[in-house]
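# What the coordinates show
Each chain, written out:
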Amino acid sequence: MNPAIDAQEAKDIKASELIGKLSSSPSGLSSKEAQKRYKEYGYNEIVEEQINPVIKFLKFFWGPIPWMIEIALIISLLIQHWEEFTVILILLLINGCVGFYQEYKADNAIDLLKDKLAYHVHVLRDGNWLELPSRETVPGDIIRIHIGDIIPADIKLIKGAYITVDESALTGESLPVDKSVEDIAYSGSIIQKGEMLGLVIATGMSTYFGKAAELIAGVTPKSHLEEAVVKIGDYLIVLDLLMVSFIFIAGLFRHQSFFDILGFSLVLTIASIPVAQPAVLSVTMTVGAMALAKKKAIVSKLTSIEEMAGMDVLFSDKTGTLTKNQIVIAEISPYDHYTKEDVLFYAGLASAKNGDPIDKAIFDKIEESEALSKKIEKYKTLKFNPFDPVCKSTEAEIEYKDEYKFSVSKGAPQVILSRLSDSDTEKNVCGLVDLYAEKGYRALGVAKTGKENEWEFIGLITLYDAPRKTSKGTIAQAKALGIDVKMVTGDHIAIAKQTAKEIGLETNIKLPSSFLDKQGVEAEEIVENASGFAEVFPEHKYKLVELLQEKGKIVGMTGDGVNDAPALKKADAGIAVASAVDAAKSAADIVFTKPGLSVIINAITESYKIFHRMKSYSIYRVAETIRILIFTAMVILIFNVYPVTALMLVLIALLDDIPVMTIAYDHTEKVNSPQRWNMYQVLGMSTFLGILGVLSSLILFFIGIDIFKLDIAVLQSIIFLKLVVAGHLTMFVTRNTGHFWSVKPSGIFFWSVILTDIFATVLVVSGVFLAPISWELAAFVWIYSLIAFLIEDYLKIYFAKVLDHTGIKYFQK
């Protein structure tokens, strides 16, 4: 078998020779040969891990933690603390197993999502055209590409008129490039116009794009979540270094063993820094992504879940999203001496039988007339240019019985009229277009060339696309969630206003000219105050997103066409609707698999839940770190006593990991507004709860040492049990903004907490690894922790109101 051919080499080889060189044929590869090459070349993929960059980032950020555990293990071995050595070793093994299992589950979930997002291509195999996943193309395949496709491999163009290709992702050149037979089209390019056949010459990492991707692998911008994790991590690390430094210096001044101090300090750091955070956040997002998939919203980037949760403005396409995209012909208006049948006939010649919904509507109308159907069959289409979203028209070259040729065109009236030299026609037709637009009808102009090759206007065809029944309710729900929905359409402004009335939007519809010639704040305010925009071109969508992002908004944008890709990429939450072409899906963060906008409400509410879980875990984790770090440091510095042993800290870290893994499956309160990371809110509430935990632990320590007169070993066991039980009860405090009973916890979360605490109780009562305590003392710790928990829950509500008064909203519902 011949190897794949480099694109540069293929430029100098004719297409016919290349087919032979790749052991292909004009009828395509055989299935047997394709399977053989598929096994040799593998998947036609360039980047395997696009969907989970956050997981990689979190692993990098918390990467040093396992090494610290291993250092603590070695120190325990050197100073012959065998119990600590055993428990730390168990901790390492369990963390490794849990991490592997959770990552395995996450990767499986991600693979399922990637399968649902797989792009397809038409491939010639065994003389038949098949629709196959792009990843299954191999060198030697003949494929068909057309407008909206992402070219799946480097190909040599072998048949067809021409294609216009966007190669900006490869070359950085913003202008599209025209290509024809014998040219090379590169993997990753987007077809903007035309249709051709191509011979696959290279796939995967052997492509031009694949080689470039190797150079930039791993370079991704930080999301809001990553920035939040960094801020939380910085806060905890600074706090840990400060407290550990105090403990270390105090120990040295008191002439304690250097290795004892070092071992305890390392273990304290391990216990205080959230080792499980990467697993918790990745599992939470992955479980959420699978929940979204069940609701017909496929996530292409996990970070988009968080962006969706914060979205406060949504630009929605009208056609196909807010409307049914079931276009019917409403009225036909002939011009001058032409008849309605003439308008329909020439519109049919300017359409493709297997074309877009407009073409389908025209042919459906033609088929109602037997005479028109027979007449149109007598004409031969020599050349056809399909609808171009930039030119907004179609055009065909027609021949009649080898006698004469002429051209026909249909499209936006202003585009068709621009080809005429008669200004009176333009004035008359524009007035008619406005009248139809007020009824909510979209007009198409139809024209043909005469004997002297001059364009003649034939008439107008008006189209109607009824709003979806769900659109009005969906927009009302979005508004109730605090999201400002703005309609975006290429249709006439009068049509847009009529549609806005029908779906419950205000009729403050603007044209692009209202903001394009404005600067800064003035342009931003125009866009923010408008309820929608009409007569919009794709480049205007990009500008709309950019203006509101500059105003600090988190912007969502829906789209379906190839020219929507830049705006979808620019938006914080780019949403490709069900009918979207591959190029739009590739640029989007979320892909809907169900028509209409109703899916978005489910996606938004689910993203709110996911965000809420991540935020509640972050508040709990910081609070737990504060209560352990500051309490331990204060007791050591004031009383010259270790309130817990290094072994106990390891056990606390181990027991904490179990319930936090179930947070992804917990129930959440109902949230009715966009959610964002507010570090003052998160760190303010967690610090307050942490300080409450420090005070309750200090009081218990004082009771044990001064009232109960307990020896230090028993007191350490009591403190250990209190830190476990009270710490886990804090999860019930942080999981919602109201009182702990306001939202019922899920079974798996509730029982993971309770059973873990029961296990810790049995551990201290039985004296395994720890000094044993009586059941009475254990019961006292439980009662004390429950009372502290109730006080903490009440004070949380009070402190949240304090945050609200300072402008730091905690009750963000």
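Presented here is an overview of the structure given in this document. All values derive from a computational prediction rather than experimental measurement.

### Quick word on the overall build of the chain
Scanning the chain for helices and strands turns up 31 helices and 21 strands. In the structure as shown, the chain presents an accessible area of about 34800 Å², 58% of it carried by carbon and sulfur atoms.

### With respect to the side chain of K448
Secondary-structure assignment places K448 in strand β14 (residues 442-449). Those residues in contact with K448 that lie beyond four places of it in its chain are Y338, Y346, S407, V408, E454, W455, E456 and I458.

### Some details on the pattern of salt bridges
Going through the model one piece at a time under the given rule, you end up with 22 salt bridges. We note a salt bridge from K374 to E370, for which the minimum N-O separation is 3.2 Å. Within this pair, K374 and its partner E370 are both found in helix α16 (residues 370-377), separated by 4 residues, close to a single helical turn. In this structure, K374 and E370 share a single accessibility class: exposed. In this structure, K551 and E528 form a salt bridge, with 3.4 Å as the shortest nitrogen-oxygen distance. Of this pair, K551 sits in the loop between α23 (538-550) and β19 (555-559) while E528 sits in helix α22 (residues 520-529); the two residues are 23 residues apart in sequence, bridging distant segments of the chain. Owing to a relative accessible area of 31%, K551 belongs among the partly exposed residues under this scheme. Several salt bridges converge on common partners, so that one network encompasses K318, R442 and D491.

### With respect to the sheet that holds strand β18 (residues 532-533)
Two orientations exist for strands paired in a sheet by backbone hydrogen bonds: parallel and antiparallel. If you walk across this open sheet you meet the 8 strands as β8-β21-β20-β19-β9-β16-β18-β17, and the pairing is mixed. Taken across any chain shown, the strands that pair with only one partner, and hence form the sheet edges, are β8 (297-299) and β17 (509-510).

### A look at the environment of S30
Inspection of the secondary structure assignment puts S30 in the loop between α2 (15-21) and α3 (31-41). On the basis of relative accessible area, S30 is assigned to the partly exposed category, the value being 34%.

### As for the pairing of strand β2 (residues 128-133)
For a regular strand, side chains alternate in direction, first toward one face of the sheet and then toward the other. With 6 bridges connecting them, strand β1 (residues 120-125) and β2 associate as antiparallel partners. When the sheet's bridge partners are listed, H120 is paired in β2 with P133. Taking the residues between adjacent antiparallel strands as the criterion, β1 and β2 are bridged by 2 residues, where D126 takes a positive phi near 55°.

### Focus: helix α20 (residues 493-503)
Of the positions making up α20, those classed as buried are I493, A494, I495, A496, T499, A500 and I503. Downstream of α20 by one or two residues, G504 has phi in the positive range, about 85°.

### Considering the sheet that holds strand β10 (residues 328-334)
A sheet is described by the order of its strands in space; here 6 strands give the open sequence β10-β15-β14-β13-β12-β11, paired in antiparallel fashion. Edge positions in the sheet fall to β10 and β11 (379-388), since each has one partner strand and no second. In this sheet, adjacent strand axes meet at a mean angle of 20° when their direction is disregarded. Inspection of the sheet shows β11 paired to strand β12 (residues 393-400) by 7 bridges, in the antiparallel sense. Its bridge partner lying in β12, Y379 is registered against Y400.

### Brief notes about a nonpolar patch on the surface
Judged by side-chain polarity, F750, W751, L755, I758, V762 and W775 come together as a nonpolar surface patch covering roughly 620 Å² of accessible area. Within the secondary structure, L755 sits in helix α30 (residues 747-766).

### Section: the nonpolar core
Among the nonpolar cores identified, the biggest contains 112 residues, and M311, I483, I600, F720 and I773 are the most heavily contacted of them. Here this core takes 21 residues from helix α26 (residues 598-639), the largest share from any one element. Apart from residues no more than four positions distant in its own chain, M311 is found in contact with I483, I554, V555, G556, A573, I600, I604 and P674. Residues A361, F363, I398 and F406 belong to the second largest nonpolar core, which totals 29 residues.

### Structural notes on the packing of aromatic side chains
A full pass over the atoms with the stated rule returns 22 aromatic pairs. When the centroid spacing of 6.2 Å and the interplanar angle of 80° are considered together, the rings of Y379 and F406 count as edge-to-face. In this pair, Y379 is assigned in strand β11 and F406 in strand β13 (residues 404-411), connecting sequence segments 27 residues apart. For Y379, a relative accessible area of 16% puts it in the buried group. Taking 5.5 Å as the distance between ring centres and 85° as the angle between the ring planes, the aromatic pair formed by F515 and F533 counts as edge-to-face.

Definitions and limits used
- Residues numbered from 1 in each chain as written.
- Predicted model: local features only at pLDDT ≥ 70, side-chain atom pairs only at ≥ 80, totals over all residues.
- Heavy atoms only, no water.
- Helix = DSSP H or I, 4+ residues; strand = E, 2+ residues; numbered from the N terminus.
- Areas by Shrake-Rupley, 256 points an atom, 1.4 Å probe, with all protein chains shown as cover.
- Contact = heavy atoms within 4.5 Å.
- Salt bridge = Lys/Arg side-chain N within 4 Å of Asp/Glu carboxyl O.
- Buried < 20%, exposed > 50% of the residue type's maximum accessible area, 1.4 Å probe, protein only.
- Pairing = 2+ DSSP bridges.
- Axes fitted to C-alpha atoms, helices over the stretch in contact; angles between N-to-C directions.
- Patch = residues over 30% accessible without salt bridge, like charges linked within 9 Å, V, L, I, M, F, W, Y side chains within 5 Å.
- Core = buried A, V, L, I, M, F, W, Y, C linked by side-chain atoms within 4.5 Å.
- Phe/Tyr/Trp six-rings, centres within 6.5 Å; stacked < 30°, edge-to-face > 60°.

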